Amino acid sequence: MTGGLAASVLFWSLFAAQVMLGLALACCAWRLLRGPRAQDRVLALDTMYVTAAILLLVFGIRTGSDLYFEAALAIALFGFVATAALSKFLMRGEVIE
């Protein structure tokens, strides 16, 4: 492959990934708002933070900036803690024992 063709394929594949991840975030937001149960909302929130982290990684690849990778790591870390706390709250009714 020539350099121009490879760059074009990379550009359009990253663009397609961003569009699909944006649609995935919209679907997760819809499930987060609609429910119908609290467990559905927790799963939607869990999926949203994973999708947002991946979207930031794609932005980082596209721009070449390290800041996006660090932000994705922070989102993944805080999202895991939030999901664990919400799951514990739904199971026992309290987070801190």
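Every value quoted in this text rests on a predicted model; they were computed, and no experiment measured them.

Cut-offs used in this document
- Residues numbered from 1 in each chain as written.
- Predicted model: local features only at pLDDT ≥ 70, side-chain atom pairs only at ≥ 80, totals over all residues.
- Heavy atoms only, no water.
- UniProt positions renumbered as here; feature names shortened; annotations may be inferred.
- Helix = DSSP H or I, 4+ residues; strand = E, 2+ residues; numbered from the N terminus.
- Core = buried A, V, L, I, M, F, W, Y, C linked by side-chain atoms within 4.5 Å.
- Buried < 20%, exposed > 50% of the residue type's maximum accessible area, 1.4 Å probe, protein only.
- Contact = heavy atoms within 4.5 Å.
- Salt bridge = Lys/Arg side-chain N within 4 Å of Asp/Glu carboxyl O.
- Axes fitted to C-alpha atoms, helices over the stretch in contact; angles between N-to-C directions.
- Parallel < 35°, antiparallel > 145°, perpendicular 65-115°, else oblique.
- Nonpolar A, V, L, I, M, F, W, Y, C, P; charged D, E, K, R; others polar.

Turning our eyes to something else, we now look at the UniProt feature "transmembrane region" (unreviewed entry) in the protein. Per the UniProt entry, the sites bearing "transmembrane region" (unreviewed entry) are residues 6-30, 42-61 and 67-91 in this numbering. Helix makes up 100% of residues 6-30 and strand 0%, whereas the separation of the span's terminal C-alpha atoms amounts to 36 Å. Regarding residues 42-61, the helix share stands at 100% and the strand share at 0%, and the terminal C-alpha atoms are separated by 29 Å.

With 5 residues, the main nonpolar core is built from Leu14, Leu21, Leu25, Leu55 and Val58. Looking at this core, the elements with two or more residues in it are α1 (3-34) and α2 (38-63). If you tally residues by element for this core, the top one is α1, at 3 residues. Sequence-distant contacts of leucine 14, that is, excluding residues within four places in its chain, are made with Val58, Ile61 and Arg62.

To continue, consider the pattern of salt bridges. One pass over the structure, following the stated rule, counts 1 salt bridge. The closest approach of N and O atoms between aspartate 40 and arginine 37, which form a salt bridge, is 3.8 Å.

Another point: the packing of α2 against helix α3 (residues 67-92). Between α2 and α3, the shortest axis-to-axis distance is 9 Å and the interhelical angle comes to 175°. As summarised for this structure, α2 and α3 are arranged roughly antiparallel, according to the angle between their axes. Along the lines of polarity and charge, the residues of the contact of α2 with α3 split into 18 nonpolar, 6 polar and 1 charged.

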